[in-house]
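Structural characterization, general
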Amino acid sequence: MNDAATRAITGLVRPIEDWPEPGVTFRDITPLLSDPAGFDAVLSAMADAARGLGQLDAVLGVESRGFVLGAPMARELAVPFLPVRKEGKLPAETRAATYDLEYGTATLEIHVDALAPGARVVVVDDVLATGGTLTATQSLVEEAGATVVGHLVMIEIGALGGRGRLEPTPLTALHTY
Ligand SMILES: O=P(O)(O)OC[C@H]1O[C@H](OP(=O)(O)OP(=O)(O)O)[C@H](O)[C@@H]1O
Ligand SMILES: Nc1ncnc2[nH]cnc12
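Quick look at the structure, then. Each chain has its residues counted from 1, running along the sequence as written. Whichever chain is written first becomes A and whichever ligand is written first becomes 1, with later ones labelled in order. In view of the model being predicted, local features appear only for residues whose pLDDT reaches at least 70, and side-chain atom pairs are presented and counted only at 80 or more, with totals across whole chains, interfaces and linings using the full set of residues. Based on all heavy atoms of the structure, the side-chain values leave hydrogens and waters out of the count.

1. A few points about the packing of aromatic side chains
Each aromatic ring pair is specified by the distance between its two centres and by the angle formed by the two planes. Aromatic pairing here means that ring centres of Phe, Tyr or Trp (its six-membered ring) are within 6.5 Å. Orientation follows from the plane angle: under 30 degrees is stacked, over 60 is edge-to-face, and everything else is tilted. This structure, assessed with the given rule, holds 2 aromatic pairs. When the centroid spacing of 4.9 Å and the interplanar angle of 80° are considered together, the rings of Trp 19 and Phe 26 count as edge-to-face. Exposure is judged per residue with a 1.4 Å probe applied to protein chains only, and the accessible area is read against the type maximum: over 50% gives exposed, under 20% gives buried, and values in between give partly exposed. Classification of Phe 26 as buried rests on a relative accessible area of 14%. Here Phe 67 and Phe 81 contribute two aromatic rings whose centre-to-centre distance is 5.9 Å and whose plane-to-plane angle is 90°, an arrangement assigned as edge-to-face.

2. Here's the deal with the site of ligand 1
As a structural note, the neighbourhood of ligand 1 is formed by 16 residues, with Tyr 103, Asp 125, Asp 126, Thr 130 and Thr 133 the closest of them. The side chain of Asp 125 places a nitrogen or oxygen atom 2.5 Å from an oxygen atom of ligand 1. The protein chains hide 88% of the 500 Å² of surface that ligand 1 would expose on its own. A cavity here means a set of points on a 1 Å grid, drawn over the protein atoms and nothing else, where a 1.4 Å probe fits but cannot get out; a pocket is an open set with protein on both sides within 12 Å along at least five of seven lines, and a residue lines either one if it has an atom within 4 Å of a point. Cavity and pocket membership follows a simple rule, namely that a molecule belongs there if more than half of its atoms are within 2 Å of the grid points. A molecule is said to occupy a pocket when more than half its atoms come within 2 Å of that pocket's grid points, and by this definition ligand 1 occupies the largest pocket. Here a helix means four or more residues in a row that DSSP labels H or I, a strand means two or more in a row labelled E, and each is numbered from the N terminus. Examining the composition of the shell around ligand 1, we find that 4 residues originate from one element, strand E7 (residues 120–128), more than from any other. Note on residue classes: Ala, Val, Leu, Ile, Met, Phe, Trp, Tyr, Cys and Pro are nonpolar, Asp, Glu, Lys and Arg are charged, and everything else, Gly too, is polar. Taken together, the residues that form the shell around ligand 1 break down as 5 nonpolar, 5 polar and 6 charged. Any residue with a non-hydrogen atom lying within 4 Å of a molecule or strand is treated as near it. Contacts described as polar in this section are N or O atom pairs within 3.5 Å, which, within protein, must combine one atom able to donate a hydrogen with one able to accept it, while residues neighboring in sequence count only if both atoms come from side chains. Residue burial considers only the protein chains on display, and all accessible areas are found by Shrake-Rupley using a 1.4 Å probe.

3. Details of the environment of Arg 7
Mapped onto the fold, Arg 7 is located in helix H1 (residues 3–12). Note: C-alpha distance between Arg 7 and Val 42 (35 residues apart in sequence) is 9.5 Å.

4. Here we look at the side chain of His 175
Relative to the elements of secondary structure, His 175 occurs in strand E9 (residues 171–176). Here His 175 is in contact with Thr 6, Ile 9, Thr 10, Met 154, Ile 155 and Glu 156, once residues within four sequence places are set aside. We call two residues contacting when some pair of their heavy atoms lies within 4.5 Å.

5. Some words on the packing of helix H3 (residues 36–51) against helix H4 (residues 65–77)
At their nearest, the axes of H3 and H4 sit 10 Å apart, and the two run at 60° to each other. Taken together, H3 and H4 sit at an angle that is classed as oblique. As H3 packs across H4, the resulting crossing turns out to be right-handed. Every residue of H4 that contacts H3 at Phe 39, Val 42, Leu 43, Met 46, Ala 47, Ala 50 and Arg 51 is listed here: Val 68, Leu 69, Pro 72, Met 73, Glu 76 and Leu 77. For the contact of H3 with H4, the residue count by class is 11 nonpolar, no polar and 2 charged. All axes here are fitted lines through C-alpha atoms, helices being fitted over the stretch that makes contact, and every angle between N-to-C directions spans 0 to 180 degrees. Throughout, the term roughly parallel applies to angles under 35 degrees, roughly antiparallel to angles over 145, roughly perpendicular to angles from 65 to 115, and oblique to all others. Left-handed describes a crossing whose near helix is turned anticlockwise from the far helix through less than a right angle; right-handed describes the clockwise counterpart.

6. Re the nonpolar core
By nonpolar core is meant a set of buried Ala, Val, Leu, Ile, Met, Phe, Trp, Tyr and Cys residues that side-chain atoms within 4.5 Å join together. Residues Val 42, Met 46 and Met 154 are the most contacted members of the largest nonpolar core, which totals 30 residues. For this core, the element with the most residues is H3, which contributes 7 residues. In this structure Met 46 touches Leu 69, Met 73, Val 124, Asp 125, Leu 152, Val 153, Met 154 and Leu 174, once residues within four positions along its chain are discounted. Core analysis: the second largest hydrophobic core is formed by 26 residues, Leu 60, Leu 82, Val 123 and Leu 140 among them.

7. Some words on helix H5 (residues 132–143)
A helix's residues, less one, multiplied by 1.5 Å, set its expected span. A rise of 1.5 Å per residue sets the reference length of H5, with its 12 residues, at 16 Å; its end C-alpha atoms lie 17 Å apart and thus fit the reference within 8%. Among all positions in H5, only Gly 132, Thr 133, Leu 134, Ala 136, Thr 137, Gln 138, Leu 140 and Val 141 are buried. At the C-terminal side of H5, Gly 145 shows a positive phi close to 80°.

8. Quick word on the sheet that holds strand E8 (residues 147–156)
Here, strands pair whenever DSSP counts at least two bridges between them. Reading across the sheet, the 7 strands line up as E5-E6-E4-E3-E7-E8-E9 and stay open at both edges, with mixed pairing between neighbours. The two strands at the open ends of the sheet, each matched to only one other strand, are strand E5 (94–101) and E9. Neighbour to neighbour, the strand axes of the sheet diverge by 25° on average, direction disregarded. Strand direction decides the pairing type here: E8 and E9, joined by 5 bridges, are parallel. The residue of E9 that forms the bridge with Glu 156 is Thr 176. Seen against the sheet, H1 touches E8 and E9 and runs at an angle of roughly 60° to E9. Contacts from H4 reach strand E3 (58–62), strand E4 (81–86), E7 and E8, with the element oriented near 140° to E7.

Printed below as a string of structure tokens:
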């Protein structure tokens, strides 16, 4: 693992206790995003991990923090960036998946014409908690006849067991709490 990325995450991601509800330790990435060297280290490490997954046809980013990481990664890898959005935001025909979060429920959507059958994609997000977000995203990809070759997150919250829900699809996390 990239030491500069690990240092950036452990030094710049801020724990906020009992937010957005009691019992949750929220991992706030905003201090890292405002540190250009730290942000660059994390993006480089994530792009390196994505290159290790072999040929990729697209990077999918999950709204909203997955956009912040996924779009610059797609640019670095020179592949399309495809947004997976919260309900009601995408203008053309969509498919949808509803899922549970650590603190609520949500629905994600993707444009029906975003993915070609057979496409190989990586899904990018900032945090893996319960795995609901990435599981729902994978189901959207598979409904399109495409394949998630890997999930890629900056931070894994190990105690919530999300990794197990994603098996056998590989998950790379730059840092696990
Ligand atoms: O593994 P899970 O339990 O699904 O949780 C992880 C998801 O929760 C957060 O997003 P959130 O839905 O809070 O939206 P945001 O990125 O717009 O803040 C985070 O950015 C991940 O997408
Ligand atoms: N504890 C947490 N911190 C940041 N983002 C999250 N998404 C789900 N759980 C989270």
